[in-house]
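Letter by letter, the chains look like this.
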4 protein chains.
Amino acid sequence: MSVNTSFFGELLTSITEQGRALIEGRRARSSEEPLSALCEKLLSGHGEASGVAIAEEVLATYRRLQAPERLAFFRTLYETFGADTARVAGLARRLADNPEDPVLLRELHSASEPRRQELIRRLNLAPGGTSGLVAMRADLLQCLGEAPELIEVDRDFEHLFSSWFNRGFLVMRRIDWATPANILEKIIQYEAVHEIKGWGDLRRRIGLEDRRLYAFFHPALVDDLLIFVEVALTQEIPGAIGPILAEERAQITAREANTAVFYSISNCQTGLRGISFGNFLIKQVVEELRRELPNLKTFVTLSPVPGFARWLTRDLADGEGVAARLLDPADRTALETGSWLGDEAQGEALAAPMSTLCAHYLTQEKARGNRPLDPVARFHIGNGARLERIHWNADLSDNGLRQSHGLMVNYLYDLKDIERNHESFAATGAVAASSQVGKLLRQLPDPKQTRS
Amino acid sequence: MSVNTSFFGELLTSITEQGRALIEGRRARSSEEPLSALCEKLLSGHGEASGVAIAEEVLATYRRLQAPERLAFFRTLYETFGADTARVAGLARRLADNPEDPVLLRELHSASEPRRQELIRRLNLAPGGTSGLVAMRADLLQCLGEAPELIEVDRDFEHLFSSWFNRGFLVMRRIDWATPANILEKIIQYEAVHEIKGWGDLRRRIGLEDRRLYAFFHPALVDDLLIFVEVALTQEIPGAIGPILAEERAQITAREANTAVFYSISNCQTGLRGISFGNFLIKQVVEELRRELPNLKTFVTLSPVPGFARWLTRDLADGEGVAARLLDPADRTALETGSWLGDEAQGEALAAPMSTLCAHYLTQEKARGNRPLDPVARFHIGNGARLERIHWNADLSDNGLRQSHGLMVNYLYDLKDIERNHESFAATGAVAASSQVGKLLRQLPDPKQTRS
Amino acid sequence: MSVNTSFFGELLTSITEQGRALIEGRRARSSEEPLSALCEKLLSGHGEASGVAIAEEVLATYRRLQAPERLAFFRTLYETFGADTARVAGLARRLADNPEDPVLLRELHSASEPRRQELIRRLNLAPGGTSGLVAMRADLLQCLGEAPELIEVDRDFEHLFSSWFNRGFLVMRRIDWATPANILEKIIQYEAVHEIKGWGDLRRRIGLEDRRLYAFFHPALVDDLLIFVEVALTQEIPGAIGPILAEERAQITAREANTAVFYSISNCQTGLRGISFGNFLIKQVVEELRRELPNLKTFVTLSPVPGFARWLTRDLADGEGVAARLLDPADRTALETGSWLGDEAQGEALAAPMSTLCAHYLTQEKARGNRPLDPVARFHIGNGARLERIHWNADLSDNGLRQSHGLMVNYLYDLKDIERNHESFAATGAVAASSQVGKLLRQLPDPKQTRS
Amino acid sequence: MSVNTSFFGELLTSITEQGRALIEGRRARSSEEPLSALCEKLLSGHGEASGVAIAEEVLATYRRLQAPERLAFFRTLYETFGADTARVAGLARRLADNPEDPVLLRELHSASEPRRQELIRRLNLAPGGTSGLVAMRADLLQCLGEAPELIEVDRDFEHLFSSWFNRGFLVMRRIDWATPANILEKIIQYEAVHEIKGWGDLRRRIGLEDRRLYAFFHPALVDDLLIFVEVALTQEIPGAIGPILAEERAQITAREANTAVFYSISNCQTGLRGISFGNFLIKQVVEELRRELPNLKTFVTLSPVPGFARWLTRDLADGEGVAARLLDPADRTALETGSWLGDEAQGEALAAPMSTLCAHYLTQEKARGNRPLDPVARFHIGNGARLERIHWNADLSDNGLRQSHGLMVNYLYDLKDIERNHESFAATGAVAASSQVGKLLRQLPDPKQTRS
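Cut-offs and rules
Residues numbered from 1 in each chain as written. Chains lettered and ligands numbered in written order. Predicted model: local features only at pLDDT ≥ 70, side-chain atom pairs only at ≥ 80, totals over all residues. Heavy atoms only, no water. UniProt positions renumbered as here; feature names shortened; annotations may be inferred. Helix = DSSP H or I, 4+ residues; strand = E, 2+ residues; numbered from the N terminus. Axes fitted to C-alpha atoms, helices over the stretch in contact; angles between N-to-C directions. Parallel < 35°, antiparallel > 145°, perpendicular 65-115°, else oblique. Contact = heavy atoms within 4.5 Å. Nonpolar A, V, L, I, M, F, W, Y, C, P; charged D, E, K, R; others polar. Buried < 20%, exposed > 50% of the residue type's maximum accessible area, 1.4 Å probe, protein only. Polar contact = N/O pair within 3.5 Å; in protein donor to acceptor, adjacent residues only side chain to side chain. Pairing = 2+ DSSP bridges. Salt bridge = Lys/Arg side-chain N within 4 Å of Asp/Glu carboxyl O. Phe/Tyr/Trp six-rings, centres within 6.5 Å; stacked < 30°, edge-to-face > 60°. Lys NZ or Arg CZ within 6 Å of the ring centre and 35° of its normal. Lys, Arg positive; Asp, Glu negative; His and termini not counted.

As annotated in an unreviewed UniProt entry, chain A carries the name Malonyl-CoA decarboxylase and comes from Roseibium aestuarii.

Here's what the structure looks like:
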């Protein structure tokens, strides 16, 4: 180990210290001036001389607002912090006549930028500004239902956040049992897929040799996480979540593992919705694990199928879909009442048709843009992964049964196929799938037959 | 001292390690494909699946180009990575009719964004990408003389860099004798005002109790500096640079000082030209020093007047300006030949008229936008500082004599006046000045008189 | 914040990494050779060439031993790794004739050093050796009951540990909610006075602004603690532990506090018994808190009286002591049955006599060396603190009732009196006490009276 | 990279900060009391309550003493801080009669410990105490010439330092160009074998891929080094120092190297004379390099032969030794005058006899204890290395010519032979040597022949 990194590490520590000190020390200083006036001041010449102070004032004042006042503030951003429409119209007219004039083009682009964007950039001057802006956008997203026109304001946040949270600025770190408790506490709170039931459960997920957790951080978001993924190191592709999370189980050493299973991935910041990290995180974790543990050959998820049950209900209601052809009335009753859970024979009888339906759902049912209807499939298939296996009886938690009748699936990340899969998906919408899934799909009956 | 910060510090250290490892490990992998084709690939769907890899390839390939090829590449960026002009023109026509339509406005703004911007954002996916892009812009700036139209490409870099190098993302650190040598080496190399003559000279500037050096860093620019300022702690406002830099001098303890003198400020990255940090750095250093050393009451620069001699020559040549009125032919000869340097009486005789002329030059001579002609004055006056004192015989180095006949000045940063000074400057172009400078200005003869 | 410290910090990090790697990697390598033969080898010339490897082998082999084998090993240390008695006797005879000969004196000192000491020093060559030796001594202490002669072996451990764990080598750190979980877990496990009931309880003790925890660490004991003290910042001297530990309570800011209460101090390493740290820790925490929070004026403990109930029982049984004079049969029954807990009047009636008895117990009842019988009093009074207040109804936990009938006391650390108190205690055994305690003592009846 | 280590690293950083702050802040506080009285106070009961403060006072007062006062202080340590001789004599008489009584043995050992030892341990309570004590011993060593009896005092320092600077407490770190300048400055200052000529020379020794420098640190010696070794990575065993240190030379990558050359090893602390680190440092560097660069197969020194020229002069003067047999008068004159340096033929003629004589000197000429006369040979051979090669014309620096007529040698560290070499050396004094050296030795003429 070389000493190269200490200066830089400590250097960056300053962000935190300065950030915290300032955030805490200055919490109180909000302003009596109306927020919009403060914002105008920040955009004016004053902002150049005292930008940091005014930005702090705006953010502190905003933090004290109640929900209705926040909505009003966003409306002001929408109405009075847009572009100068008269100027844009004038330039637009000139450009219509000189469509190739580069200077005109640039002026038009610049004039059509909503003033909000510069406002947001200047708010970022404040210590802790980035964090305050991410929180502000989270509030804004909640207002969209009531005030859909605010989507225009949201686009400006999204545009800037895409630039600021560019993958080049993110830092990946492994989280383990020697990580500070204030970070770990957030892991417990943010886990969105398989709830972490206290510190003992957390320790089992990060403190054992065959379990890993990796997260993305951003230097300006002091002590907070962007996204994290939980990994189990195993000796085979797992078919159920229970054994992964079990309190008592046989452990292996990291070197004995040949398979890395991504069994949970959680976004942490509502205010960063739409900024994609997951794709990069999974791929970087794959690279990191391959480097550290050359014995690992298979990288695979163990994923929920969150939209399956809803789709199935709809498809059955429709009466003409594939579901109706595969499930007879007794099957449907068993699914509705959950009676199969206590009846082994019934459960086994459902395994084949339900797996086939799941294969159909994930590969054939599409949302707009020819992308998979299922959001998790959309994510992994979009990343270039392949639908590898489908497991019946895989997640019998309340949530698992409600969302997918207990089904789970594996998506396989094979680095050498990722680009080809992605391209073919982008071109044709084709969902890459294993031969095992192909076999299931061939079980689908002709449209003519119905089992009712 | 609390332990709060270690995780974060170490977390960020990862950037460096990962960054270095990858940069070094992958230096070689450039591509045989033409750069423009690679760039198109990065912007296409492929970029989504394999963005990091393609971005690395583009940057590695670029690094291997010779100057003429680089110019050609920038031309390609200009010609084929702009906006879709047909689409923009269509939208412009529609907007001309509906100037208030927010969706149309946004579409136009978005369509008029040159494709280069997204390209630059995607290049930043590569490890070390930010650093590579800053270097690329430094090359680009060198091409502007030959190909002025590339200013359009430069605007795109500048726009994104302004956002990425936002003050909220910068980290200030003190540099001292316990700083790693690889950073210190860069300080020696980057110092642009008063050359550092080796490690002994450097040690005298950072290793003594009454000397400080502060710098801004950015997390994504591994081990490199953005800007730094050198500070001397003194017991009076200094009137010459020699005693500040002297090898042998009486030291004081930090607590004994009442004055902090900013005697050198150096930008380090050509590729970040136009992105302003200096303003923020000086103000943050003032705050930091006030917190640490409450005895400090005065914050002042000791600055060169780099444009003075050139202006004086012009003004004298003109024959009608103020210079002609204050300097008689003997004075001019003494200045031209430098004879006053060896002739004390002659030197003293020049002190008054030269100081007056310098006061005139700094406060009255303006560039476009009603801003001071002198670049250093432009910077400090624009920041809200006040021209405080003018010193004859202050910098007798070759450079000092050539640029300003040995004159130096102090600009005073008084936090409580900064905003007012800045505003009044912004409104009227008025240069804030002390009563001492006011007195000098009142020495200016009537326009009618000429001393020739 | 200066950058001075990063290199050193990171430098020391190496211990940990190297330590962990080696400890883990080498766990397995124990030896088939008898331990005593290995120890002889380590002390011989082989030890010079391959000391590290042999030391590791000894420690690994030791770790695999069962309790009876460990006892046997300690017996070997006692019997065959002492001094060369023949040589010592020879030197002793010569010295008896030349008692002032400095060389002879040194030779005798050196020859009379048990070979165990050099053995222990050489075992410390192994990575993780210090930690292994501390664990070994913990085992040894358990054997003393069965084999009291091993006290001679223990003395050698104690002698070396006193030198190695000299205060000059200890590092004090504040522990808070941003401390790594693996350290915090140990805090939960080691707390010996007021049990920590899970992570929520821990967070209340370290994660709030008016609570602190400080610990001593030693560089060679990777990730482990030596001792820690818990502090509450308050606005008055507290009279009961309940409000300090309450889940719901009014918090104050650190600046509002004028009193720091040391309410729990726990030694963490059985193997370091007899090596005193607590004294230094409390004093250093006092200094640290005074520097950080100048408003703090009072530094006081809230301490149990662990030997009180046992002493009272004995004193009552004796029938002639002070207890018999102050407590009538009804009081005794109330205490024995605990009936006063549910009977307010009875409780109040006991307050005065029980406080007086406690004051008597702490100031008058002595163990050998004229030191207080109560171990906690012995510690604080020995450190120069003063017995300040006695509280009835202060700790109604099972443990508190069993040990001290619910009484607690405050010892006051007043830096300016510490040395005087200590001296007077050292000279005369006098226990420093406040006037309030003095008043209680004056309540003690004449020896003639008995309340029965 | 895991996050395990940050807490610990930062934890230890505290030593430095606290250490520096205290050392600096308290520099002034020396005492008017005589040092010996202060020392008595520190050893008395006062020391228990106020040990830290008194220890600081002693060290501060000592630092202000002039050389003669220091000598006087050491004499006091010798005379009045020894053991209680009367008590020792009494115990010695008792033990003479009961030589096996373990308690008596321990009491004698304990009573015969000079009080100085406890004094030194208590001085170590002061912040920065270890560092102050190491400096004190450096002073003491200088007094030994004048006052040889002080060796008894020195033995006490040495005994304690051996324990405190036990290999288990040392930390090895690589030093490179990213190491803080204040550490690097000490490397320049401490290099004792091949002088470092400024920062450029240093950079060539630590900033290039085929050069390494490793050092041992101790946590209590803030920012200071104990010992360091410089390593060149090469593709063959080098036969001269010039090419290693050359300003211009062909570099290789670390992976291309098969040989690691230890070409300089320097002890940094006079006050730690006699405490051996070098042995451990070399072996740990070998392990570290093997782990990092598996291509390295050969670990070898390039060492001076500092005692050769002196021995040769003596041996020639003697007239009966081996030198006289191998060198004829012309050879001797050439050596004395250095004429061979400008005369290639003469130089070549000397190569064989001088190499043979050097082989003889290193393997046959012994000091007491049957150890090599040459101090460098004594060190490496004692560590278990083997004399591998002898090079004529290898170090033509002034120092090289004066000490060894320009000869240098390689000692080979072959981990698998180290123990055997060491043992055989310990048993018989046999110097392990390569067959090449064996051949040279066989060139030695019969004792009868003399070439004069």
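### Structural notes on the UniProt feature "domain: Malonyl-CoA decarboxylase N-terminal" (unreviewed entry) in chain A
In the numbering used here, UniProt assigns the "domain: Malonyl-CoA decarboxylase N-terminal" (unreviewed entry) feature to residues 81–165 of chain A. A distance of 24 Å separates the end C-alpha atoms of residues 81–165 of chain A, which is 72% helix and 0% strand.

### A short note on the packing of helix H16 (residues 329–337) of chain C against helix H17 (residues 344–364) of chain C
All names here are of chain C. Where H16 meets H17, the axes come as close as 11 Å, and the angle between the chain directions of the two elements is 105 degrees. Taken together, the axes of H16 and H17 are roughly perpendicular relative to one another. Residues Asp331, Ala334 and Leu335 of H16 touch H17, and the partners they reach there are Gln346, Leu350 and Met354. Grouping the constituent residues of the contact of H16 with H17 by class yields four nonpolar, one polar and one charged.

### What to know about helix H6 (residues 102–111) of chain D
Listed as buried for H6 of chain D are Leu104, Leu105, Leu108, His109 and Ala111 of chain D. Near the N-terminus of H6 of chain D, the side chain that reaches the backbone nitrogen of Val103 of chain D, with its oxygen 2.8 Å away, is that of Asp101 of chain D.

### Examining the environment of Glu288 of chain D
Structurally, the position occupied by Glu288 of chain D is in helix H13 (residues 278–292). Sequence separation of Glu288 of chain D and Arg314 of chain D is 26 residues, and the distance between their C-alpha atoms is 42 Å.

### Quick word on the pairing of strand E1 (residues 171–174) of chain A
Residues and elements named next belong to chain A. Along E1, one buried face is formed by Val171 and Arg173 and the opposite face, lined by Met172 and Arg174, is buried too. As judged from the four bridges shared by E1 and strand E2 (residues 211–217), these two strands associate in the antiparallel manner. Residue pairing across strands places Arg174 opposite Tyr214, the latter belonging to E2.

### Side note on unusual backbone geometry
For residues that are not glycine, phi is negative in most cases, and the peptide bond is trans in most cases. All names here are of chain B. Positive phi, normally seen in glycine, also occurs at Asn370, with a value near 60 degrees. Turning to its location among the elements, Asn370 is positioned in the loop between helix H17 (344–364) and helix H18 (375–382). On the accessibility criterion, Asn370 (38% relative accessible area) is partly exposed. Look at Asn393: it is not a glycine, yet its phi comes out positive at around 65 degrees. Relative to the helices and strands, Asn393 resides in the loop between strand E6 (386–391) and helix H19 (398–404).

### A few points about the pattern of salt bridges
Per the stated rule, a full pass over the model turns up 88 salt bridges over all chains. A salt bridge links Glu113 of chain A to Arg121 of chain A, with the shortest nitrogen-to-oxygen separation between them at 2.7 Å. Taken individually, Glu113 of chain A and Arg121 of chain A each receive the classification buried, so the pair is uniform in this respect. The closest approach of N and O atoms between Arg122 of chain D and Glu118 of chain D, which form a salt bridge, is 3.0 Å. Separated by four residues within a single helix, Arg122 of chain D and Glu118 of chain D lie in helix H7 (residues 115–123), roughly one turn from each other. Look at Arg122 of chain D and you get buried, because its relative accessible area is 16%. Judged by relative accessible area, Glu118 of chain D falls into the partly exposed class, the value being 27%.

### Digging into the packing of aromatic side chains
Applying the stated criterion across every chain, the model contains 50 aromatic pairs over all chains. Seen in terms of ring centroids, Trp340 of chain A and Trp392 of chain A are 4.5 Å apart; in terms of plane orientation they differ by 35 degrees. Their pairing is tilted. Linking Trp340 of chain A in the loop between helix H16 (329–337) and helix H17 (344–364) with Trp392 of chain A in the loop between strand E7 (386–391) and helix H19 (398–404), this pair joins segments that are 52 residues apart in sequence. Just as Trp340 of chain A is buried, Trp392 of chain A falls in that class too. Three or more aromatic residues joined by ring pairs make a cluster, and in this case those are Phe157, Phe161, Trp164 and Phe165 of chain A together with Phe169 of chain B. Between the NZ or CZ atom of Arg70 of chain C and the centre of the ring of Tyr62 of chain C, over which it lies, the distance is 4.5 Å.

### Considerations on the side chain of Arg211 of chain A
All names here are of chain A. As for its placement among the helices and strands, Arg211 is situated in strand E2. Despite its burial, Arg211 pairs with no opposite charge; the closest candidate is Asp210, at 4.0 Å N-O. There is a polar contact of 3.0 Å between the side chain of Arg211 and the backbone oxygen of Ile244. Leaving out residues up to four positions away in the same chain, Arg211 has contacts with Arg174, Arg204, Arg205, Ile206, Val231, Ala232, Leu233, Pro243, Ile244, Arg249 and Tyr263.

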